[in-house]
Each structure stands twice: as structure tokens, then as C-alpha cells.
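Observations on the model geometry
One letter stands for each residue in the lines below.
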Amino acid sequence: MATAAEAQAMRHAVALAARGLGHTSPNPVVGCVVLDAGGRVVGEGWHQRAGGPHAEVHALRAAGERARGGTAVVTLEPCDHTGRTGPCSQALIAAGIARVHYAVADPTAQAKGGAATLAAAGVAVDVGLLADEAEAVNEPWLTAMRRGRPFVLWKFAATLDGRSAAADGTSRWITSAESRADVHRLRAEADAVVVGSGTLRADDPHLAVRDREGATQPLRVVVDTGATIKPGARVLDDAAPTLIAVAEDAGIAHLPRRPGVETVRLPRAETGLRIPALLAELHGRGVRSVLLEGGPTLAGAFLAAGAVDKVVGYLAPVLLGAGPAALADAGITTIAQALRLETADVTRLGPDLRVTAAPIAVPATAPSPRRTEVFTGIVEELGEIVAIEHLGDASRFQVRGPLVTEGAKHGDSIAVNGVCLTVVDIIEDAEGTRFSADVMAETLNRSGLGALDIGSRVNLERPMALGGRLGGHIVQGHVDGTGAIVDRKLSEHWEIVKISLPAELSRYVVEKGSITVDGISLTVVDAGSDYFTVSLIPTTLALTTLGVKQAGDPVNLEVDVLAKYVERLLGRDNGTQDKEATS
Ligand SMILES: NC(=O)C1=CN([C@@H]2O[C@H](COP(=O)(O)OP(=O)(O)OC[C@H]3O[C@@H](n4cnc5c(N)ncnc54)[C@H](OP(=O)(O)O)[C@@H]3O)[C@@H](O)[C@H]2O)C=CC1
Ligand SMILES: Nc1c(N[C@@H]2O[C@H](COP(=O)(O)O)[C@@H](O)[C@H]2O)[nH]c(=O)[nH]c1=O
């Protein structure tokens, strides 16, 4: 339990952290307040710039000897590593701090562990004080660390009838001076401001921060597949650095070559450049937060890629009646696919309204309203879990699987150990291409996915394509239950594996029938009331999880859907059928 003084100190620490916004990338913003043994504030500080002292060091310096026996209140778990500065955990121990309250755990493998080091040194450690506030101030950095790509805030300015420009393409200005000044605050807090080539041509935008003293200028990024930018474009001046993203085959001889202006070649998508590749490039350059300033076409592509974390719309009491909408095609064709947002804030700015909202996370393992996928149980690739992030009672898995990830996009399905998951993100960087997918608590509990760890191998299969071969049998990717490997017996050419079977599933399992084990379509050799056996050929052993799983390891089971239909048609299911399936 925190005292009132500690809670007040944390509130102040969050405000201190906010002072670093826009200056600390690629580091987080962090605030710290030190209380002496009597609960009086004796030091405070915040991380002011990357490479500079951390918040704890500033606060401890200010407190001096008064820190001994006192409490440090800090918005993020103190770091445990030596980077450009020493570990804060050691600094706190050396200063004689007796208790540490930190609000949010550090999600990075490099820095986390400070809490454990402090506890091992006898410091009392508490986590979670004002965690929501501390999460909010560090949202861009935390999102970037958790998702492996920069946080993206899409900003647009629109008339009350939803237009972002007039019919002739002019759009200056729809919103008021107050709103536009607020946009410069957003630019100052962002590491990069991004626009598409359409906006570049229509507006010749400048994209730098203006009228904000001490602001760190963001990287100006133009997404210009064909390198159409004119040498005299305003973004090419020296007010801020500029990155021109072009296609791998674009001619760039005419582009200016001077300090502050860089060109990067990226792979093409169906339209324009690949958004995940753009974000990976920016992430690699230390960009943790992107302000996407449009226009409507590029914003649609970001949304379709699942790459918008927050939206801020400035709505002006203006009508145009014609002209481009604030958002162009985002891959949504029917109302069931509408991207629903949760409004976080509505503020009046002069005559305008500023609405801030975030996409509502749809549990990715919920039945899709859009389609029913069909798998065949022929595993395409043995993938690997490379990260697991805990999001409340759900988990976000990052899975390495270059084959199934190729050409995949946000919203696609991939069966992971026989569980149909929806791709949230495609992540491309030096570590290779991965996809991330969310798994609800219910699925974690009811399938073997909850037992997976970083490094676990997983069977991966994309849904069957129209006209593809049905190599195995019809697999839905809806796990009915879990069994466990009972034993494995080697024979000369194959291995007989015995797997335990939950009692409620045994009626669907018959000799020579089909069953899906961890997403693999297999033929049942022998079926008992609480077990079945399958024989595995060397190829299956080499290419799937069943080659490595040992006695006691859990496996996901999906019984043959035909058996369920037969049972229902014969009226023998007592209405219980399939209610237990996980997804
Ligand atoms: N009110 C507001 O907030 C804003 C209004 N506007 C207005 O919007 C209009 C311009 O909008 P628009 O033409 O949609 O321009 P965009 O800025 O959205 O640029 C679209 C272009 O970006 C390029 N691009 C690169 N990669 C991709 C990708 N993956 N997906 C889609 N496009 C990609 C494409 O051209 P290519 O591949 O050839 O490079 C595409 O045509 C102007 O009238 C401007 O005034 C613009 C911004 C904000
Ligand atoms: N029209 C419009 C906006 N347009 C956005 O501002 C960009 C111009 O930036 P700059 O050249 O730096 O002033 C332009 O390209 C587009 O992205 N923004 C707004 O807040 N309100 C508006 O009414």
C-alpha cells in the first residue's frame, strides 16, 4: 500500500516525465521523486534527453544524503543495465534508498530486472502505483517496445461533413489557428512526421515544428514511391531532417544530396510502399513515435495494415459538400468490418473540436464476423515464439515464421498449433519477419497456447486458398480440447505416439478417422475411451512440434467436424456440441 505522500509523489513524477516528451527517443520518458525517511520530498528529476542522466540519478543527486532510508517513486521500473549511463538499480542501492515504488514494468529485455536487483539487495519494492497515468505518459515508447515498431498517431483535420480538402484539392485552412498550434505540439512530441506523395504534391507541406521554443524537430518523412519530390519542395529545407522513402527501383538521380536529406529504398506493396517495411526502417533509426499527417490515402493504408494506434481528429464547423473524405479506402467493405474506436478525449479548441480515440482491440481469437477459414492440417512451417507480451488477461504472441508471414497482412488468419489466430501486426527488422497475434485468456486456458514460452516451436499453417489441394482433412482452427503425450514408441520407419483424450471428445474419435493434433491432420490408428494413437512418419517428426514434444507435454485437439454434424443430425448431441471450442 502506498501512503498519500507516495501517491502524490507519483502524480508529480508523471508530470515530470511528461517534460521529456519529444526529447528522449529512443529512450522512454521517466520521472522520479525521492522522499526522505519522514516522507518529505527531497529530490526530483526527469530523463531530459537520450544519453543524459536518468530520472533517478537527477532525483538522487538533488536529495544527496537525505535519500538514505527514504523512498524513490519512479514512473518506470529502474533500469538494470549499463548503457550510456549506469544502472539505476545500483544508484538507488548505493544511495541507501529503503523502498522503491515504480508504476510500470520495463518491457525491454535489455533494461528490465531492476526490480529484482533492488529486492535482492533488501530494498522494499512495490509496483503499480498510478500505473494507468504512467502508462499514458509513456504510451508511445511502451507501444513501440511492445509492438516492435513505432507508435503511430494519425492526425487529420476535417470539416463537419468529413472532408479533408475541397474538390479542387485545396485545404488550407479547414481548422482554426488554435487547432493548428495544437498540431505543432503533436509534432514536437513526435519523433517523425509522415505524409504521402499526394499531400506532398497538393500542399507542398513544411512539416517542421514552428513557434515552440526548445522543440526537438521531428524527422520529416515523405512516402514517395516514384521519387516525384521536386528539388524546391519545402520539406527539403534545413529546418529539420528529412527522409524520402522511395521504391527499390525508383530513379533518384535528381534528388538533392546534402546533409539532413536522406533517401531510403523500400519494397513495393500492391499500392505504394510496404507500410511494415517503412515502420521497420523508422524503428531502426530510433523513431519511437510517428505523427501520420495524411493524407487520406496513406492513412487508409496504415489503417488497413493495423498500424494506427491512436487517432486525433480536429473537426471544424465548416461545410464543403464535395472533396476528398478524411479517410480513403482502409480495406473495409461492410459495416461488420467497421473499425470501432473508443473515445479517450473531446476538447474544444477555439471553434473546433479535437476528438482523440483509439481502435478498440478486437479479441483476435473471437469468431470472425467476416469469414470462416478452412485449414487442412498440413503444417507449412515450424515457427518459433519470439516474444510474449501480457496484456491484462490476454497475451500477444510474436511468432517467427517467414513462409506464412510472406505477403500476410493485418487481419489475415494463421493457425498456430491448430488455433486460428488473427494477424495483428507484421514486424520486419534485422531479426527477420514475424507476425503478432492476440490470444484471449479463454483460449490460453483451454488450449496448449497458454503453456508456450519464448523459444517454443509451433506448427503454422495459412488457410486453404480457393482451388488449393485439401491435403489433410477439413480443419477449422477451433480447438475442442487438449490432450497430452502419454508415450512414444519407435519402430523402424515411424513412431507410434499415444495421446490422452478428454472423455467428452472420445465419441468423435474413431479408428482410421481424422483428428487434428497441434494443427496437424493425422489418421487415428487406435482409439480408446481416454486415449488414441497416431503413427508419425519421419517427415512429420522433422517438420512439426510432434517431433520434439515429450511425454506429459500438452497438445491441442480438434476433432473431425463431420463427426459433430453427424451427431447433431442424429439428435444425439444434447445441445452441448461445440460449445466448448476455444475460438
Ligand atoms: N485535412 C487534412 O488533415 C489533410 C488533408 N490533406 C489533403 O489530402 C489531399 C491529398 O490526399 P491523397 O492524395 O490521399 O494523398 P496522400 O498523402 O495520402 O498520398 C497518397 C499517395 O501516397 C503514396 N503511397 C506510398 N505508399 C503507399 C501505400 N502503402 N498506400 C497508399 N499510398 C501510398 C501513393 O502514391 P505513390 O505510390 O505514387 O507515391 C499514394 O497515391 C490533398 O488535397 C491534401 O490537401 C492531406 C493531409 C492532411
Ligand atoms: N489542412 C489542414 C491541415 N493539413 C495538414 O497540414 C500540413 C501542412 O503543414 P505545414 O506546411 O507545416 O503548415 C498539410 O500537408 C496537411 O498534412 N492541418 C490542419 O491542422 N488543419 C488544416 O486545416
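Note that the structure is predicted; figures quoted are calculated from it, not measured.

Bringing helix α6 (residues 139-147) into the picture now. Because an α-helix completes one turn every 3.6 residues, residues spaced three or four positions apart along the sequence face the same direction. If you check which residues of α6 are buried, you get W141, L142, T143, A144 and R147. Among the residues trailing α6, G148 stands out with phi positive, at a value near 70°.

Let us now look at the site of ligand 2. Inspection of the region around ligand 2 gives 18 residues, with K155, S171, I174, T175 and R210 positioned closest. Between an oxygen atom of ligand 2 and a side-chain N or O atom of R187, the distance comes to 2.9 Å. Between R234 and ligand 2, the recorded distance is 3.4 Å, taken from a side-chain N or O atom to an oxygen atom. Alone, ligand 2 offers 520 Å² of accessible surface; in the complex the protein occludes 94% of this. Elements represented by at least two residues in the shell around ligand 2 include exactly β6 (151-159), α7 (177-189) and α8 (197-203). Among the elements that make up the shell around ligand 2, the one with the highest residue count is α7 (three residues). Among the residues making up the shell around ligand 2, the classes are represented as six nonpolar, four polar and eight charged.

What follows covers the pattern of salt bridges. The full count for this structure, using the stated rule, is 28 salt bridges. Of the charged contacts, one joins R149 and D309 as a salt bridge, the two residues approaching to 2.9 Å between their closest N and O atoms. Here D309 lies in the loop between α10 (296-304) and β12 (310-316) and R149 lies in the loop between α6 and β6, a separation of 160 residues in the sequence. For the residue pair R149 and D309, the accessibility class agrees, reading buried in each case. Note that R462 is salt-bridged to E380, the shortest N-O span being 2.8 Å. Taken together, the residues span a long stretch of sequence, with R462 in the loop between β20 (457-461) and β21 (481-490) and E380 in the loop between β14 (352-359) and β15 (381-391) at a distance of 82 residues. By relative accessible area, which is 29% here, R462 ends up partly exposed. Owing to a relative accessible area of 32%, E380 belongs among the partly exposed residues under this scheme.

Below, the discussion takes up empty space enclosed by the protein. Tallying each qualifying case throughout the model produces one cavity of 30 Å³ or more. In this model, the largest cavity occupies a volume close to 130 Å³. Looking at the lining of the largest cavity residue by residue, the class counts come to six nonpolar, seven polar and three charged.

Every one of the 26 residues lining ligand 1 counts as a neighbour, but T199, D203, T225, G295 and T297 are closest to it. In this structure, an oxygen atom belonging to ligand 1 sits 3.3 Å away from a main-chain N or O atom of G196. Taking T271, its main chain carries an N or O atom lying 3.2 Å from a nitrogen atom of ligand 1. Contact with the protein chains removes 83% of the 920 Å² of surface that ligand 1 exposes when unbound.

Moving on: the domain arrangement of the chain. One can read the domain layout of the chain as domain 1 (4-144), domain 2 (148-359), domain 3 (381-461) and domain 4 (481-569). The C-alpha-based centres of domain 1 and domain 3 are spaced at 32 Å.

To continue, consider the sheet that holds strand β1 (residues 31-35). Spatially, β2-β1-β3-β4-β5 is the arrangement adopted by the five strands of the open sheet, whose pairing is mixed. Edge positions in the open sheet fall to β2 (41-46) and β5 (124-127), since each of these has one partner strand only. Each adjacent strand pair in this sheet contributes to an overall mean axis angle of 15°, direction not counted. Inspection of the sheet shows β1 paired to β2 by five bridges, in the antiparallel sense. Note on β2: the bridge partner recorded for C32 is G45. Along the sheet, helix α1 (residues 4-18) contacts β1, β2, β3 (71-76) and β4 (99-104); its crossing angle with β1, the most-contacted strand, is approximately 150°. In the packing of helix α2 (residues 55-63) onto the sheet, the strands contacted are β1, β2 and β3, and the crossing angle to β2 comes to about 150°.

Below, the discussion takes up the packing of aromatic side chains. Where two aromatic rings form a pair, the distance of their centres and the angle of their planes describe that pair. Applying the stated criterion to the full structure yields one aromatic pair. Against the face of W46 rests R19, its NZ or CZ located 4.8 Å from the ring centre. It is K498 that lies over the ring of Y531; its NZ or CZ is 4.5 Å from the centre.

Cut-off values and rules
- Residues numbered from 1 in each chain as written.
- Chains lettered and ligands numbered in written order.
- Predicted model: local features only at pLDDT ≥ 70, side-chain atom pairs only at ≥ 80, totals over all residues.
- Heavy atoms only, no water.
- Buried < 20%, exposed > 50% of the residue type's maximum accessible area, 1.4 Å probe, protein only.
- Helix = DSSP H or I, 4+ residues; strand = E, 2+ residues; numbered from the N terminus.
- Near = heavy atom within 4 Å.
- Polar contact = N/O pair within 3.5 Å; in protein donor to acceptor, adjacent residues only side chain to side chain.
- Areas by Shrake-Rupley, 256 points an atom, 1.4 Å probe, with all protein chains shown as cover.
- Nonpolar A, V, L, I, M, F, W, Y, C, P; charged D, E, K, R; others polar.
- Salt bridge = Lys/Arg side-chain N within 4 Å of Asp/Glu carboxyl O.
- 1 Å grid on protein atoms, 1.4 Å probe; cavity = no way out; pocket = protein on both sides within 12 Å on 5 of 7 lines; lining within 4 Å.
- Points joined across faces, edges and corners; volume = space filled by probe spheres on them.
- Domains from an automatic or database assignment.
- Pairing = 2+ DSSP bridges.
- Axes fitted to C-alpha atoms, helices over the stretch in contact; angles between N-to-C directions.
- Contact = heavy atoms within 4.5 Å.
- Phe/Tyr/Trp six-rings, centres within 6.5 Å; stacked < 30°, edge-to-face > 60°.
- Lys NZ or Arg CZ within 6 Å of the ring centre and 35° of its normal.

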